[in-house]
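# Examination of the molecular architecture
Read off the chains here:
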Amino acid sequence: MDSHVLVIADTSSSPENAEEFGRVLQKFARACRTEPGCLSYEVFRSLDQPERCVSIEKYADAEAFAAHRASAHFRDIGLGEVVPLVVARDVRMYDAPRDIPPAQ
């Protein structure tokens, strides 16, 4: 069975910090992509609200995600640079894709 972990993070900074927010999110994504268990890490900026970004992260398994959270770049860039700029966030985690029957 596929054991991937998918994280979708919808985050916003204040409008005046939009450029710095985008810059540090990209810096963080580049560092995360070097992790052995990180399968992908993409950051998308809203066309209507440049201070709003969505990150879509995919990890090989729960252990890879735990390693991500324990990494130096998570502490230094994620917690140290990204989080101080965040004014709103919605982070959701999902497990492996599943066949889901259609709604009745």
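The structure contained in this document is the topic of the report that follows. (Residues numbered from 1 in each chain as written. Predicted model: local features only at pLDDT ≥ 70, side-chain atom pairs only at ≥ 80, totals over all residues. Heavy atoms only, no water.)

## Notes on the overall build of the protein
The helix and strand inventory of the protein stands at three helices and four strands. In sequence order, the protein lays out its α and β elements as β-α-β-β-α-α-β. Projected onto the principal axes, the alpha-carbon positions of the protein cover approximately 45 × 40 × 15 Å. Of all 104 residues assigned to the protein, the portion counted as buried reaches 37%. Each charge sign in the protein was given a centre, from 12 positive and 17 negative side chains, and these centres are 3 Å apart. (Helix = DSSP H or I, 4+ residues; strand = E, 2+ residues; numbered from the N terminus. Buried < 20%, exposed > 50% of the residue type's maximum accessible area, 1.4 Å probe, protein only. Lys, Arg positive; Asp, Glu negative; His and termini not counted. Charge placed at Lys NZ, Arg CZ, Asp CG, Glu CD.)

## Considering helix α3 (residues 72-82)
Taken as a whole, α3 has its buried residues at His73, Phe74, Ile77, Gly78 and Val82. All buried residues of α3 fall inside an arc of 105° around its axis, so they share one side. Packing partners of the buried residues in α3 comprise α1 (18-32), α2 (62-70) and β4 (86-94). (Arc of directions from axis to C-beta. Contact = heavy atoms within 4.5 Å.)

Everything listed here is a matter of geometry and, on its own, says nothing about what the molecule does.
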